[in-house]
Amino acid sequence: AFWMTGLRTDQQGRVEFKFKAPDNLTSFRVTAVAQTKDHKFGKGQSHFEVSKGLMIEPALPRFIRNGDEIVFRAIVRQKVIDNAKVLISCKPGEGITSLEKEQYEIGPLNKNVPGTFNLRAKVKKGITNVKVLFKASILGNSKITDEVEITLPVLRPGIIQRTGTYGKVPQNETEFVFSKSAPEIWGQSEGDFGITFSRSPFLPKLQGLPELLEYPHGCFEQRTSKLLGYIQLAGLLQYLPALGQKHKNYRSTIEEGVNYIAKNLNNEGFLPYWSGSSSPNAYVTIQAAWLVNECKKLNYKIPPGLDINLEMALNSIIQGRTNDHANLRAFAVFIDSKSRTNKKPINAIEELYLNRNLLRDESRAFLALTMHAYKIMPEEMQLLASEIGNLSPKEVFDPGNFYSTSRSDAVKYIALNTISDAHWKEKIEPAFRKQILSVMDDSRNLSTQENLWLLMSIRSMMEKDNYEPFKEEIVKADLISKNQLSVAWKKQPLTNLNTLKLKNDNHPTYYLANASVLRDEENSKREDRGIRIERVIQNLTDAKRAGTPENPLKIGDEVLITYRLLSERDHFFVAVTDELAASLEVVNFNLAQVAAFYSLPNGINNQDLHLDHSELRDSSANLYFNRLKKGESTYSLLARISSAGQFNWPACTITPMYEPRFNGLGNKTTLFVDHK
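Rules behind the numbers
Residues numbered from 1 in each chain as written. Predicted model: local features only at pLDDT ≥ 70, side-chain atom pairs only at ≥ 80, totals over all residues. Heavy atoms only, no water. Helix = DSSP H or I, 4+ residues; strand = E, 2+ residues; numbered from the N terminus. Buried < 20%, exposed > 50% of the residue type's maximum accessible area, 1.4 Å probe, protein only. Areas by Shrake-Rupley, 256 points an atom, 1.4 Å probe, with all protein chains shown as cover. Pairing = 2+ DSSP bridges. Salt bridge = Lys/Arg side-chain N within 4 Å of Asp/Glu carboxyl O. Axes fitted to C-alpha atoms, helices over the stretch in contact; angles between N-to-C directions. Left-handed = near helix turned anticlockwise from the far one by under 90°. Contact = heavy atoms within 4.5 Å. Nonpolar A, V, L, I, M, F, W, Y, C, P; charged D, E, K, R; others polar. Parallel < 35°, antiparallel > 145°, perpendicular 65-115°, else oblique. Expected span 1.5 Å × (residues − 1). Phe/Tyr/Trp six-rings, centres within 6.5 Å; stacked < 30°, edge-to-face > 60°. Lys NZ or Arg CZ within 6 Å of the ring centre and 35° of its normal. Polar contact = N/O pair within 3.5 Å; in protein donor to acceptor, adjacent residues only side chain to side chain. Core = buried A, V, L, I, M, F, W, Y, C linked by side-chain atoms within 4.5 Å.

Undergrad: Honestly, the overall build of the protein in this entry has me stumped. Any pointers?
TA: The helix and strand inventory of the protein stands at 15 helices and 31 strands. Summarising its shape, the C-alpha atoms of the protein cover approximately 95 × 75 × 60 Å along the three principal directions. The proportion of buried residues among the 676 residues of the protein is 50%. As displayed, the protein has an accessible area near 33,300 Å², and 47% of this comes from carbon and sulfur atoms.

Undergrad: Help me out: how do you make sense of the pairing of strand 16 (residues 486-493) in this one?
TA: Moving residue by residue along a regular strand, the side chains alternate between the two faces of the sheet. Alignment of strand 14 (residues 191-198) against strand 16, held across six bridges, turns out to be antiparallel. When the bridges of strand 16 are listed, Phe193 appears paired with Gln492. Pairing of strand 15 (residues 479-480) with strand 16 involves two bridges; the strand directions are antiparallel. For Leu479, the partnering residue across the bridge sits in strand 16 and is Ala488. Where strand 15 folds back onto strand 16 in an antiparallel hairpin, the turn is made up of five residues, including Gln484, whose phi is positive at roughly 60°.

Undergrad: Looking at this model, I keep getting lost on the pattern of salt bridges. Mind explaining?
TA: In a structure, side chains of opposite charge can pair up when their charged atoms sit close to one another. On inspection of all chains with the given rule, the structure shows 37 salt bridges. Taking the shortest distance from any N to any O, the salt bridge between Arg532 and Glu534 comes out at 2.7 Å. Salt-bridge contacts for Glu534 lead to Arg564; the nearest nitrogen and oxygen are separated by 2.7 Å. Remark: Arg564 occurs in strand 22 (residues 558-567) and Glu534 occurs in strand 20 (residues 531-539); sequence separation between them is 30 residues. With a relative accessible area of 19%, Glu534 lands in the buried category.

Undergrad: Is there a simple way to think about the packing of helix 3 (residues 220-232) against helix 5 (residues 250-264) in this case?
TA: For any two helices packed against each other, one specifies the crossing angle of their axes together with the interaxial distance. Between helix 3 and helix 5, the least distance of the axes is 10 Å, while the angle of their chain directions is 150°. Both helix 3 and helix 5 take part in a crossing whose hand is left-handed. Contacts between helix 3 and helix 5 pair Phe220, Arg223, Thr224, Lys226, Leu227, Tyr230 and Ile231 from the former with Tyr250, Thr253, Ile254, Gly257, Val258, Tyr260, Ile261 and Asn264 from the latter. Residues of the contact of helix 3 with helix 5, tallied by class, amount to nine nonpolar, four polar and two charged.

Undergrad: Sorry if this is basic, but what is going on with the packing of helix 13 (residues 422-439) against helix 14 (residues 448-461) here?
TA: Two numbers describe how helix 13 lies on helix 14: the axes approach to 11 Å, and their chain directions differ by 130°. Classified by the interaxial angle, the pair formed by helix 13 and helix 14 is oblique. Once helix 13 is placed against helix 14, the crossing between them reads as left-handed. Here Arg433, Ile436, Leu437 and Val439 of helix 13 come into contact with helix 14, specifically with Leu454, Ser457, Ile458 and Met461.

Undergrad: Honestly, unusual backbone geometry in this entry has me stumped. Any pointers?
TA: Excluding glycine, residues mostly carry a negative phi; peptide bonds, for their part, are mostly trans. Residues Gly107 and Pro108 are joined by a peptide bond in cis, for which omega reads 5°. With respect to the secondary-structure elements, Pro108 resides in strand 8 (residues 103-109). Even without being glycine, Met377 reaches a positive phi, approximately 50°. Within the secondary structure layout, Met377 lies in the loop between helix 10 (361-374) and helix 11 (378-387).

Undergrad: What's the story with helix 10 in this structure? I'm lost.
TA: Residue pairs three or four apart in sequence face the same way in an α-helix, which turns once every 3.6 residues. Given a rise of 1.5 Å per residue, 14 residues ought to cover 20 Å, and the 20 Å separating the end C-alpha atoms of helix 10 matches this to within 8%. Burial analysis of helix 10 places 11 of its 14 residues in the buried class, which makes it a mostly covered element. Glu362, Ser363, Arg364, Ala365, Phe366, Leu367, Ala368, Leu369, Thr370, Met371 and Tyr374 are the residues of helix 10 that are buried. Looking one or two places after helix 10, you find Lys375, whose phi comes out positive at around 55°.

Undergrad: Please clarify how the sheet that holds strand 22 should be interpreted in this entry.
TA: Sheets are built from strands that pair by backbone hydrogen bonding, the pairs being arranged parallel or antiparallel. On the basis of which strands lie adjacent, the open sheet formed by four strands has the order 20-22-27-24 and antiparallel pairing. The open sheet has two free edges, formed respectively by strand 20 and strand 24 (584-586), since each of these has just one partner strand. For this sheet the average axis-to-axis angle between neighbouring strands, irrespective of direction, equals 35°. Here strand 20 pairs with strand 22 via nine bridges, running antiparallel. Along strand 22, the bridge assignment pairs Ile533 with Leu565.

Undergrad: Is there a simple way to think about the packing of aromatic side chains in this case?
TA: Two aromatic rings are characterised by how far apart their centres lie and by the angle between their planes. In the structure shown here, the tally under the stated rule is 36 aromatic pairs. Plain terms: the ring middles of Tyr283 and Phe331 are 4.7 Å apart, the flat faces sit at 15° to each other, and that makes the pair stacked. Of the two residues, Tyr283 sits in helix 6 (residues 282-297) while Phe331 sits in helix 8 (residues 326-337), which places them 48 residues apart along the sequence. Here Tyr283 matches Phe331 in class, with each residue buried. Residue placement shows Arg199 over the ring face of Phe470; its charged tip is 4.0 Å from the ring centre. Across from the ring centre of Tyr353, 4.3 Å away, lies the NZ or CZ of Arg356, which sits over that ring.

Undergrad: Just checking my understanding: could you explain the side chain of Asn66 for this structure?
TA: Mapped onto the elements of the fold, Asn66 is located in the loop between strand 4 (64-65) and strand 5 (69-78). Using a relative accessible area of 4% as the deciding quantity, one classes Asn66 as buried. Engagement of the side chain of Asn66 in a polar contact is seen with the backbone oxygen of Lys124, the distance being 3.0 Å. Contact partners of Asn66, with chain neighbours within four places excluded, come to Val123, Lys124, Lys125, Gly126, Ile127, Val154, Leu155, Arg156, Pro157 and Asn648.

Undergrad: Please explain the sheet that holds strand 30 (residues 663-665) as it appears in this structure.
TA: Pairing within the open sheet is antiparallel, and its six strands lie in the order 19-30-29-23-26-25. What marks the edges here is a single partner per strand, and that holds for strand 19 (527-529) and strand 25 (613-616). The sheet shows a mean angle of 10° between the axes of neighbouring strands, direction not considered. Alignment of strand 19 against strand 30, held across three bridges, turns out to be antiparallel. Opposite Arg529, over in strand 30, you have Asn663 as the bridge partner.

Undergrad: What is the right way to look at the nonpolar core in this model?
TA: Across soluble globular proteins, you tend to see nonpolar side chains buried next to one another. By size, the foremost hydrophobic cluster in this structure holds 102 residues, and its most contacted members are Trp453 and Met657. For this core, the leading source of residues is helix 6, giving 10 residues. Those residues in contact with Trp453 that lie beyond four places of it in its chain are Tyr283, Trp290, Phe331, Phe334, Phe366, Arg407, Ala410, Val411 and Ile414. Core analysis: the second largest hydrophobic core is formed by 62 residues, Ile70, Leu565, Ala621 and Trp649 among them.

If you want it as structure tokens, here you go:
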């Protein structure tokens, strides 16, 4: 609370000082250390209590949502006289409509006996934060007052869904009005959008870049994929001016990410999939080694010893000491070939080649690229190229190395395009190109791995653009790319769709638009795409109080939130996201002080699903399960009711992180809490 040195005593050994006490009712310990001019020392301790004659303690949630009806609540205490009447008021800021009197008397209150003030109010739409000011005074004594102001963030009343559209500007129109080509739901929803126009026909295929750089989950596969995207695909940012502007300082992002990696390595140099996990993951470790070696080439700052530790782990995988599958070893030797040219793991490469019948086509492609980089075994390299010449058969996702058919085709394209011969260019390349470009039509349904490797394959397709640059007198955009082949507008509300127009100058032009659309009550119907998610609550304090208008919950109730998941097949690395109602505070059992006082009721042990990682925030609960089995599963959270009112509870979602085309949107509800 306070610290000061250098205080001088008077001749009686006394000193006075003042400071502003913290604004809360608690006691503090005072410790004083004294020194005389002849270097003698002494110390003493005492206590004092912060005490105010009148004190307001706001009892508010940590956030609210647009459209909520909330009871702004405060607890009042006084220490002056018994039977005191207190005049208290609440003045909500702009965007809040009061539904009751903003000022009234409470009491009479005796000393240290709390009194409660409640004001019911409605939160308007369109605001992002609100200030709430409480004032109180004791009637008959105008000098005894208190006031406190709180700022609350105001969140949207539904989930935000990212969506996009792309196409070619018709050349037979003198003016292109974007709203005619935008998805119908955009014009009916709240949200914002941004748009880019480009001369390059590859623009629509580059929508996977923002998906890669802004993926929402925090596992190490996605962290390393994102950072590799910055390094490997930085040249593509010039085709997306808005994204390039946003991520122009990506060097610091990469260095921060590398530091975080260093903090999570185990003693053998391996990374886990999730931060805090003790299980090493070979694939993300290999990818981290690739990232750090690329950073070294670019002279980025990396923590001391990080490269050595990752190289040690990479060697263990290459030599087969970790008992990982040969497919992972093939990826490891490929990454090794990108960083070292002196110590070639010839024996491991020869062993993998001789046992290539155990390898997928993708791994054979990695092996061929390794031979090309090391300039060894040319005949074997050409034989591998001939064996991987066809598009991959459709296969299910492999959680062991995040394998998918789309990623396999991208890796094979890169390998064949690198090794290349006349037969490849004339007979095989067109089919590969067509397949890869078709897959990139909807990057939002691709994983980070697929977007990373598909974008790298597209980069290898893109020859030097010889297109007509945009001219400033024709296009008045917010941003223009360095090569002047793309222009963009900054994000703006969806209500501005009709205002965005482009004058057609008869040169081929392509557009790519991305939007954040609010899935609120009007457009938040249940969706089941291979997975279904249902959310139910159970009041553990009083089962009759169900959170409905007829049977509202009460402040202090403990409720069980249960997610019921129904899947048509096995899935891996599944994310469940729930944007919480403002009245809910989820109990985080990872905190020892919380776990000591709260526990799930008997019979609720969550054995159906193993929770591998969680991120419990004020406004959301994010749950991650490395495996979801076919059929029905359930998982439960414990929460407390912290505030009264009528609260929006947005829909919950479930998505396999590497197969996002499967997903489910749950039920949106309204939670009713009584303050009486």
